[in-house]
Amino acid sequence: MYNAKAYAAHSATSKLASTTIARRDPTEHDVQIEILFCGVCHSDLHQVRNEWSGVMPTVYPCVPGHEIVGRVTKVGSAVTKFKSGDLAAVGCMVDSDRTCPECQAGLEQFCPNMTLTYNFPDKHTGGVTYGGYSDSVVVDQRFVLKVPSNLDLAGAAPLLCAGITTYSPMHHWGVTKGKKVGVVGLGGLGHMGVKFAHALGAHVVVFTTSPNKTADALRLGADEVVVSRNAHEMKKHAGSFDFILDAVSADHDVNAYINLLRRDGNLTMVGAPEKPLAVSVFGLIMGRRSLSGSPIGGIPETQEMLDFCGAHRITADVETIPIQKINEAYERLLKADVKYRFTIDMASLKSE
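What counts and what doesn't
- Residues numbered from 1 in each chain as written.
- Predicted model: local features only at pLDDT ≥ 70, side-chain atom pairs only at ≥ 80, totals over all residues.
- Heavy atoms only, no water.
- Helix = DSSP H or I, 4+ residues; strand = E, 2+ residues; numbered from the N terminus.
- Contact = heavy atoms within 4.5 Å.
- Areas by Shrake-Rupley, 256 points an atom, 1.4 Å probe, with all protein chains shown as cover.
- Lys, Arg positive; Asp, Glu negative; His and termini not counted.
- Charge placed at Lys NZ, Arg CZ, Asp CG, Glu CD.
- Salt bridge = Lys/Arg side-chain N within 4 Å of Asp/Glu carboxyl O.
- Buried < 20%, exposed > 50% of the residue type's maximum accessible area, 1.4 Å probe, protein only.
- Patch = residues over 30% accessible without salt bridge, like charges linked within 9 Å, V, L, I, M, F, W, Y side chains within 5 Å.
- Phe/Tyr/Trp six-rings, centres within 6.5 Å; stacked < 30°, edge-to-face > 60°.
- Lys NZ or Arg CZ within 6 Å of the ring centre and 35° of its normal.
- Core = buried A, V, L, I, M, F, W, Y, C linked by side-chain atoms within 4.5 Å.
- Pairing = 2+ DSSP bridges.
- Axes fitted to C-alpha atoms, helices over the stretch in contact; angles between N-to-C directions.

Visitor: Explain the overall build of the protein chain to me, please; I cannot follow it from the model alone.
Guide: If you tally the helices and strands in the protein chain, you get 11 helices and 17 strands. Principal axes of the C-alpha set define a box for the protein chain whose edges measure 60 × 40 × 40 Å. For the protein chain, the share of sequence-separated contacts (at least 6 apart) that also reach a separation of at least 24 residues comes to 67%. Total accessible area on the protein chain is roughly 15200 Å²; 53% of this is exposed by carbon and sulfur atoms. Of the side chains in the protein chain, 34 bear a positive and 36 a negative charge, and the two mean positions are spaced by 4 Å.

Visitor: I keep staring at the pattern of salt bridges and nothing clicks. Help me out?
Guide: Close approach of charged atoms allows side chains of opposite charge to pair. By the definition in use, this model includes 18 salt bridges. Measuring nitrogen to oxygen at the nearest pair gives 3.0 Å for the salt bridge that ties Lys 83 to Asp 86. According to the relative accessible area criterion, Lys 83 is exposed, its value standing at 54%. Of the charged contacts, one joins Asp 140 and Arg 98 as a salt bridge, the two residues approaching to 3.1 Å between their closest N and O atoms. Residue Asp 140 is found in strand E8 (residues 136–140), and its partner Arg 98 is found in the loop between strand E6 (93–95) and helix H2 (101–104); the two are separated by 42 residues along the sequence. Given the relative accessible area of 23%, Arg 98 is considered partly exposed.

Visitor: So what exactly am I meant to see when it comes to a nonpolar patch on the surface here?
Guide: There is a patch of nonpolar side chains on the surface, built from Val 281, Phe 282, Ile 285 and Met 286 and spanning about 490 Å² of accessible area. You can call Phe 282 exposed: its relative accessible area is 62%.

Visitor: Please explain the packing of aromatic side chains as it appears in this structure.
Guide: How two aromatic rings sit relative to each other is given by the distance of their centres and the angle of their planes. Summed over the entire model, instances satisfying the criterion amount to 5 aromatic pairs. Ring geometry for Phe 196 and Phe 308: centres 6.2 Å apart, planes at 50 degrees, overall tilted. Remark: Phe 308 occurs in helix H10 (residues 299–312) and Phe 196 occurs in helix H5 (residues 188–199); sequence separation between them is 112 residues. Site record: aromatic cluster; members linked through ring pairs are Tyr 167, Phe 196 and Phe 308. Between the NZ or CZ atom of Lys 146 and the centre of the ring of Phe 82, over which it lies, the distance is 4.4 Å. It is Lys 180 that lies over the ring of Phe 241; its NZ or CZ is 4.5 Å from the centre.

Visitor: Hey, could you run me through the nonpolar core in this one?
Guide: Note that soluble globular proteins tend to have their nonpolar side chains buried in a common cluster. Within the largest apolar cluster, 93 residues are counted, with the highest numbers of intra-cluster contacts made by Tyr 133, Phe 196, Ile 326 and Tyr 330. Here the element with the most residues in this core is strand E3 (residues 30–40); it accounts for 6 residues. Not counting residues up to four positions away in its chain, the partners in contact with Phe 196 are Gly 163, Thr 166, Tyr 167, Met 170, Met 305, Phe 308, Cys 309 and Ile 314. The next biggest cluster of nonpolar side chains, apart from the first, holds 15 residues, and it includes Val 184, Val 226, Ile 244 and Tyr 257.

Visitor: Would you explain the side chain of His 66 in this entry?
Guide: Relative to the assigned elements, His 66 resides in the loop between helix H1 (42–48) and strand E4 (68–75). If sequence neighbours within four positions are ignored, His 66 has contacts with Cys 38, Cys 41, Ser 43, Asp 44, Val 90, Gly 91, Cys 92, Thr 117, Tyr 118, Leu 160 and Cys 161.

Visitor: Whenever I open this one, the sheet that holds strand E13 (residues 241–246) confuses me. Can you help?
Guide: Strand pairing within a sheet occurs via backbone hydrogen bonds; the two strands may be parallel or antiparallel. The parallel open sheet is built from 6 strands, whose spatial order is E12-E11-E10-E13-E14-E15. Each having just a single partner strand, strand E12 (224–227) and strand E15 (290–293) make up the two edges of the open sheet. Going across the sheet, the axis of each strand differs from the next one's by a mean of 20 degrees, ignoring polarity. Strand direction decides the pairing type here: strand E10 (residues 180–184) and strand E11 (residues 203–208), joined by 5 bridges, are parallel.

Visitor: Is there a simple way to think about the pairing of strand E1 (residues 2–8) in this case?
Guide: Every regular strand shows the same layout, with side chains that alternate between the two sheet faces. Of all 7 residues in E1, 5 are buried; the element is thus mostly enclosed. By the bridge criterion, 7 bridges tie E1 to strand E2 (residues 17–23) in an arrangement that is antiparallel. Across the sheet, Asn 3 pairs through a bridge with Ala 22, a residue of E2.

Structure, rendered in structure tokens:
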């Protein structure tokens, strides 16, 4: 074991603060990574404050972070995919059972025995996993990804969660050139959805409750922007969408968007409203439409997404912060006061 610097929460009400954690020394299949940037996901805030106690109670101290980009500093004797000096990334998972049907299909995100990057039982140390708000991490090479060298690393970090969360359903539901795609909500997830749909060649329509987001939506790649409170504008698009990505986590009327789907169209939820949504089944039946949800992607698809981003020079729009401003960033997250993701420059941890 070795000591690593990190920022951790020690209770549901305490602020994140500097600490030291124990990391395992690399085994023969492991890659050790110096973390250069770590994205800040809204789930970090929920986890730190134990707001998911019913499903995933937080174990303290908690070191969040699952949008990790860095440089390889050491590899185990059996590692073949990476060498010291390589750019590397780690997303929401650091292991799985590797034998179940989901893993065999490259869909590790559905493995019943996967290991999440933080606050999850660590089979190596016997404690819990610690995430990317740290100066380094050690991960099995199967769960380490290659980062295209032409991408801005600060902007690349959120691709490991926000990026794959929006890319995966578009890939699954066949978003290609000539398709009409809607993106509901222009936040951390939504802005990535717009970029991907545009790069895939789709006609992209952004739905927002904020008219002042129109210019930004167009800048990101939208072809049209609809203020969703405008019934006339909504009606103009009835029955015309092949695919709609719903990235809104607040309570909202999902039926308004189901009715915009064409026959066999799909609406995928990537936002997760706290309360159940009321769905009019007739809206689904009458057009053989479907409503689905999607989490992150598996390791092969995540690598495919990163390669796609390299080819199209896609990164998240980020505000880079020092680790010392993480508590302030959490408060701003609650107010949606960021365009569109925070990324921590982990060089700031060296001064601790």
